[in-house]
Amino acid sequence: MSRPAQYDVLFEPVRIGPRTMKNRFYQAPHCTGFGDVFPGGNAHHRAMKAEGGWAVVNTEATTIAPEFDWAGQMTPSRIWDDDDIRNWSLLVEKAHEHGALAGIQLHAGGAFLTGFDSRMPGRHLTDRLEEAGWLGSVIKMDKRDIREVQRQYVAAARRAKRAGFDILNIWGGESASLPVQFLMRLHNDRTDEYGGSLENRARFWLETLEQVHEAVDDVVIAARFCIDSLHEGDGGIRVDEEGVGFVELADHLVDFWDVQVGGENAELWIKDAGPSRFYPENFQQAWVSKIRPHTAKPIVGVGRFTSPDTMVEVVRSGQQDIIGAARPSIADPFIPRKIEEGRLDDIRECIGCNVCVSRVNARWHLICTQNSAAGEEYRRGWNPEVIPPARNKAKNVLIVGAGPAGLECAVTLGKRGMAGVHLVDASDDLGGHVRWIAGLPGMGAWGRVIDWRKAQLGKLPNVQVITNTRLSPRDAYEYGADIVIVAVGAQWVDTGINGITHQPIAGVTGSRPDVLTPEQVLRDGKPVPGRRVTVYDTEGYFMGSSLAEKLRRDGHEVTLVTNFGHSSPYMDFTGENVHMRPMLERLGVTVRSEHIISAFEGGVVRAHDHIAEQRELEWESDALVLATQRVPLDSYFKQVRELHEADPGAEVQAVYQIGDCVAPRMLLADAVFDGARLAREIDAQDPATPLPYIRERRLIGSTDETYAAVLNRPEGR
Ligand code: SF4
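Residues numbered from 1 in each chain as written. Predicted model: local features only at pLDDT ≥ 70, side-chain atom pairs only at ≥ 80, totals over all residues. Heavy atoms only, no water.

Caption draft 1: Up close: the overall build of the protein. From N to C terminus, the protein includes 23 helices and 27 strands. Taking 717 residues into account, the globule formula puts the C-alpha radius of gyration at 27 Å, and the protein, at 27 Å, falls close to it. Considered along the principal axes of its C-alpha atoms, the protein spans approximately 80 × 65 × 55 Å. For the protein, with 717 residues in total, the buried portion stands at 62%. A distance of 2 Å separates the average location of the 80 positive side-chain charges in the protein from that of its 100 negative side-chain charges. (Helix = DSSP H or I, 4+ residues; strand = E, 2+ residues; numbered from the N terminus. Rg over C-alpha atoms; globule rule 2.2 N^0.38 Å. Buried < 20%, exposed > 50% of the residue type's maximum accessible area, 1.4 Å probe, protein only. Lys, Arg positive; Asp, Glu negative; His and termini not counted. Charge placed at Lys NZ, Arg CZ, Asp CG, Glu CD.)

Caption draft 2: View of a nonpolar patch on the surface. A contiguous nonpolar surface patch, about 340 Å² in accessible area, is contributed by F116, W134 and L135. Along the chain, W134 turns up in the loop between strand 6 (122–124) and strand 7 (138–140). Looking at W134, the relative accessible area reads 58%, which means it is exposed. (Patch = residues over 30% accessible without salt bridge, like charges linked within 9 Å, V, L, I, M, F, W, Y side chains within 5 Å. Areas by Shrake-Rupley, 256 points an atom, 1.4 Å probe, with all protein chains shown as cover. Salt bridge = Lys/Arg side-chain N within 4 Å of Asp/Glu carboxyl O.)

Caption draft 3: Expanded view of the packing of aromatic side chains. Within the structure shown, the criterion is met by 22 aromatic pairs. Seen in terms of ring centroids, F11 and F25 are 5.5 Å apart; in terms of plane orientation they differ by 50°. Their pairing is tilted. With F11 in the segment before strand 1 (14–16) and F25 in strand 3 (residues 25–27), this residue pair connects regions lying 14 residues apart in the sequence. Members of the aromatic cluster, joined through ring pairs, are W446, Y541, F542, Y570 and F573. The ring centre of W452 lies 4.5 Å from the NZ or CZ of R348, which sits over that ring. If you follow R379 out to its NZ or CZ, it ends over the ring of Y693, 4.4 Å from the centre. (Phe/Tyr/Trp six-rings, centres within 6.5 Å; stacked < 30°, edge-to-face > 60°. Lys NZ or Arg CZ within 6 Å of the ring centre and 35° of its normal.)

Caption draft 4: Local environment of the sheet that holds strand 18 (residues 515–516). With parallel pairing, 5 strands are arranged side by side in an open sheet as 18-25-19-20-21. If you trace the sheet from one side to the other, it starts and ends with strand 18 and strand 21 (590–592), each paired once. As judged from the 5 bridges shared by strand 19 (residues 532–537) and strand 25 (residues 623–627), these two strands associate in the parallel manner. Bridging across to strand 25, T534 finds its partner in L624. Sheet strands in contact with helix 18 (residues 542–553) are strand 19, strand 20 (557–562) and strand 25, and its direction is about 170° off that of strand 20. (Pairing = 2+ DSSP bridges. Contact = heavy atoms within 4.5 Å. Axes fitted to C-alpha atoms, helices over the stretch in contact; angles between N-to-C directions.)

Caption draft 5: Region of interest: the sheet that holds strand 13 (residues 396–400). As summarised here, the arrangement of the 5 strands in space is 15-14-13-16-27, forming an open sheet in which the pairing is parallel. Only two strands of the sheet have a single neighbouring strand rather than two, namely strand 15 (463–466) and strand 27 (654–657). Sheet twist, expressed as the mean angle between neighbouring strand axes with direction ignored, is 15°. Bridge analysis of strand 16 (residues 483–486) against strand 27 gives 4 bridges, and the strand direction is parallel. Bridging from a neighbouring strand, V484 pairs with V655 of strand 27. Along the sheet, helix 21 (residues 635–645) makes contact with strand 13, strand 16 and strand 27, crossing strand 27 at roughly 170°.

Caption draft 6: Just helix 21, in detail. Here helix 21 has its buried residues at Y636, F637, V640 and L643. The arc enclosing the buried residues of helix 21, seen along the axis, measures out at 125°, which places them on a common side. Relative to its buried face, helix 21 has exposed residues pointing more than 90 degrees away, namely E642 and E645. Where helix 21 is buried, its residues meet strand 13, helix 16 (473–477), strand 16 and strand 27. (Arc of directions from axis to C-beta.)

Caption draft 7: Structural view of the domain arrangement of the protein. Examined at the domain level, the protein breaks down into domain 1 (5–361), domain 2 (396–489 + 633–680) and domain 3 (493–630). Distance from the C-alpha centre of domain 1 to the C-alpha centre of domain 2: 41 Å. Across the interface of domain 1 and domain 2, roughly 1200 Å² is buried in total on both sides, 53% from carbon and sulfur atoms. For the pair domain 1 and domain 2, the number of links is 4 salt bridges. Two residues, K459 and D346, come together in a salt bridge whose shortest N-O distance is 2.7 Å. For the pair domain 1 and domain 2, the number of links is 6 residue pairs in polar contact (both at pLDDT 80 or more). (Domains from an automatic or database assignment. Buried area = accessible area lost by both parts, 1.4 Å probe. Polar contact = N/O pair within 3.5 Å; in protein donor to acceptor, adjacent residues only side chain to side chain.)

Caption draft 8: Seen up close, the site of the ligand. By nearness alone, 13 residues border the ligand, and C350, C353, N354, C356 and C368 come closest of all. Of all the secondary structure elements, the ones that give two or more residues to the shell around the ligand are helix 10 (327–331) and helix 12 (355–361). It is helix 10 that provides the largest number of residues to the shell around the ligand, a total of 3 residues. Class assignment for the residues of the shell around the ligand results in 9 nonpolar, 3 polar and 1 charged. (Near = heavy atom within 4 Å. Nonpolar A, V, L, I, M, F, W, Y, C, P; charged D, E, K, R; others polar.)

Caption draft 9: Just unusual backbone geometry, in detail. Backbone geometry at D218 places phi at a positive 55°, although glycine is not the residue there. Counting through the fold element by element, D218 comes out in the loop between helix 5 (198–215) and strand 9 (220–228). The partly exposed category is assigned to D218, whose relative accessible area is 45%. With phi around 70°, R363 is a residue other than glycine that occupies positive phi space. Taking relative accessible area as the criterion, R363 reaches 34% and is therefore assigned partly exposed.

Caption draft 10: Summary view of empty space enclosed by the protein. Under the counting rule described, the total for this entry stands at 4 cavities of 30 Å³ or more. There is about 120 Å³ of room inside the largest cavity. H433, I437, F542, R630 and M666 are the residues nearest the centre of the largest cavity, which is lined by 14 residues in total. Here the residues of the lining of the largest cavity are counted per class, giving 9 nonpolar, 1 polar and 4 charged. Of the residues that make up the lining of the largest cavity, three or more belong to each of domain 2 (396–489 + 633–680) and domain 3 (493–630). Taken as a whole, the second largest cavity encloses approximately 100 Å³ of empty space. Together, 14 residues line the second largest cavity, and R348, S372, P384, I387 and E408 are the ones closest to its centre. If you list the elements that add at least two residues to the lining of the second largest cavity, you get helix 13 (404–415) and helix 15 (448–457). It is helix 13 that contributes the most residues to the lining of the second largest cavity, 4 residues altogether. Taken together, the residues that form the lining of the second largest cavity break down as 5 nonpolar, 4 polar and 5 charged. (1 Å grid on protein atoms, 1.4 Å probe; cavity = no way out; pocket = protein on both sides within 12 Å on 5 of 7 lines; lining within 4 Å. Points joined across faces, edges and corners; volume = space filled by probe spheres on them.)

Structure representation (structure tokens):
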């Protein structure tokens, strides 16, 4: 297949200074949580995108000197001295192997620092800390300090060039670094030639760009620029003022513009990485399109682009020249190749769940709900598109349960060429609990988890999908398969048992008409009685808040009770809470945080303060909806295993379980991963036990060959 002609424009080369992008696809700089601490992970993650056809791959923000250390805020990514060149060279080499250009974001964070590693204060344009950088300490720069920081930029640029980078991006994105902070009146109240007028506030960045230009030739110089920080009130970057103004002032110093909106604190930054429940594709259009009249240089913009038609539209409309993407490139590093080959229905579209972001915010490396190989490119040697045939591919496999783990396992085993894969589910369609999760307000895009896998299954002649069929454990065992895989999932408890009290709520059970679980509300259509509803969340992710939203929108008066300090704290990591909590407030949901429910009798909920237990509360409620915890449906596997153990000469050679029936995973990504992991290791000696993976760490006396031995193992790659 070849690409439909309407997408030709996406594959036109774009000249950027001394280099040429082979097409318009640009993996926008994004955090991975690998930094330089896990250089193999970082290099191989970026390399996968290069292999998938992206013309440019970029690092995350990489600090130029120890004083800008932000360890603890982010996994450190540094280019402080010549030794760092070695690790970055690997990333560059991997990008170049696949014909991509490699870019590095050079970063000096001003007040956005910690000093946890370096134990140094950092130079800043004022002596004030700020919301996003309150963990560090700062020194107000005089002119000598300004020259010294600019010298650090130049030194880092020289090192980056020696590492082989093609693009040096002097970062002023998310308003979290010195160049853009100088532009912002919020930070900059200097009275010298670096404060005051726009020309003065731009001086630091302009001088830095000039000095890097003079010091380093034959590289592309770019600026990632927060064209609107979206601050309310005065002091931020406004696209119509500092945004277009700085573009005009610095246009002669950059080879292209890499623009985005959303500022440095959690509330503003997430407007750059907008979750799908609040932000549609191309949500930055209103700001990005204002830049075009002010520059003839190529413009990169972002906006969770997954639709090739939208990509064409933003190019043809003149909004931007280059398709920038972070999350879409994580969910599917092969988007460009798939468009080029006309395989549009193979694109694994990002669902905008921000689980990748959540892991980085939790100070670890990214994972992805849609792409089970994301983050595993180096550690496990996984390639999302290259799934080698299994050595035991002559086997027939039965998978019971077509939720996220079962679906992923079936797709992967199908691609591994197993003789026959039978995916059997009791319900009338595939997807398990994702089906009804995707019906929650704003969560429709999550259905892509099912859609992509369904489409893949439809292309695999060795996979048979059987719905509306409930197999008993004996049915499964006697099905005639060589391998039986149980993926029957988990369910929410209907007693209120939870990890705080470790006890059920007395007298509470889902058989009562006024007590409901999420499945009963969303899947089974059990009526929610009365007007007043209490939702009890001790899980801490989206279910409690989402149910509260749904029930409020359905017309109920809703009280959301949680043991946590505020509702759905994991949504702080995904960035969704920035919008979710105010939305619940706007909708009129009453949130009682740090409370434990002790009873629900006679239409009265009793709760006590989790922190100060003597404070008791009670209120009238017509219904109680419990999102306290899920339990695995593990008896099915145990029964199949018992049949197997009692039948030593059997046809069935192995029985495994995957996904939530092993242990309920809070993140869909982990259930999907579990299905992929078993399928990718189905021909290992003991598939039930995960193969060791590369742990990037310093091993005293070890050499790279130690890692190579693991990487080159034949099984399970
Ligand atoms: Fe997209 Fe979610 Fe994957 Fe992140 S984790 S890339 S938001 S699908």
